[in-house]
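Summary of structural features
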Amino acid sequence: MSGPSEPGDRAREDELSEGLATVRDRIDAAVGAAGRPPGSVGLVVVTKYFPAGDVRILAGLGVRDVGENRHQEASEKADLCRDLDLRWHFVGGLQSNKAAAVGAYADVVESVDRPKLLAGLSRGRAERDPDGALGPLDCLVQVSLDPPGAEHRAGCDPAVLDELCERLAGTEHLRLAGLMAVAPLGEDPAPAFERLAGYASRVRARHPGADVLSAGMSGDLEQAVAAGATHVRVGSAVLGARPRVQ
Ligand SMILES: *Cc1c(COP(=O)(O)O)cnc(C)c1O
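Residues numbered from 1 in each chain as written. Predicted model: local features only at pLDDT ≥ 70, side-chain atom pairs only at ≥ 80, totals over all residues. Heavy atoms only, no water.

1. Examining the site of the ligand
- Neighbouring the ligand are the residues Val-46, Lys-48, Val-91, Met-217, Ser-218, Arg-233, Val-234, Gly-235, Ser-236 and Arg-242.
- At a separation of 2.8 Å, an oxygen atom of the ligand approaches a polar backbone atom of Ser-236.
- When the ligand sits alone it has 390 Å² of accessible area, and the protein chains cover 88% of it. (Near = heavy atom within 4 Å. Polar contact = N/O pair within 3.5 Å; in protein donor to acceptor, adjacent residues only side chain to side chain. Areas by Shrake-Rupley, 256 points an atom, 1.4 Å probe, with all protein chains shown as cover.)

Below, the structure is given as structure tokens:
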């Protein structure tokens, strides 16, 4: 791996630094417009498809929270960046046979959308943290914002959200930290995020510690912040267009 003084790395560092500054300005402006306290919205930089070298540069620029959506890639990068003080957020679709492996390195799993994942995540956390020094693994329930009857994408049906939250909250080694969602394709994100805010307050009424609301990406972070997101997940607006799409 090339060192940070290589000219190529310096150019990349400048790009990432500019991308980050732009996104932080957008977040600050949205927070101000919503009348929310400064600094109340966190940023997870989604580094999927970008190399571990970019993660390293981002860490040098003060990023602490990074997001990944594929198990294989995430585990390799987490391993390569073990010396950095990072929190790894798993934000992608999760196969139940990979849940234990993800639970063993992720610091936050944002995409819990069915009960079948709970046992594996719990086992993975217990294996990573046999003495319980880290405490339970923070998990977000991903809820679908697709209109009823639309082709199902990721996220649980809102009709079963309460039950899934209950089961997660009752699972050893896991903590129900809140909710995550992705705005529906081809629809105004603002009303969708308002629906999400409604689900979030319903869940918080039963689980007061579940105060995280993860919503908003490069294209819609302003609408998410207006609806009460506590952190946004931003990829391309920081890192540029993804090198390959699968
Ligand atoms: C890729 C991804 C993001 C970031 O998307 P951008 O549009 O690049 O900001 C956020 N959340 C999830 C779940 C993703 O998969």
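Resuming the write-up.
2. Thoughts on helix α6 (residues 161-169)
- Taken together, the buried positions of α6 are Leu-161, Leu-164, Cys-165 and Leu-168. Axial view of α6: buried residues confined to an arc of 100 degrees, hence all on one face.
- On its buried side, α6 packs onto β4 (108-112), α5 (118-128), β5 (137-142), β6 (174-180) and α7 (189-206). (Buried < 20%, exposed > 50% of the residue type's maximum accessible area, 1.4 Å probe, protein only. Helix = DSSP H or I, 4+ residues; strand = E, 2+ residues; numbered from the N terminus. Arc of directions from axis to C-beta. Contact = heavy atoms within 4.5 Å.)

3. Some points on the pairing of β6
- Within β6, six of the seven residues are buried, leaving the element largely enclosed by the surrounding structure.
- Of the strand pairs in this sheet, β5 and β6 are connected by six bridges, and their pairing is parallel. Paired with Gln-142 across the strands is Met-180, a residue of β6.
- Here β6 runs beside strand β7 (residues 212-214); their pairing, made up of three bridges, is parallel. Residue pairing across strands places Met-180 opposite Ser-214, the latter belonging to β7.
- In terms of handedness, the path from β6 via α7 over to β7 forms a crossover that is right-handed. (Pairing = 2+ DSSP bridges. Right-handed = clockwise from strand over helix to strand, strands pointing away.)

No statement about biological role is implied by the geometric values presented.
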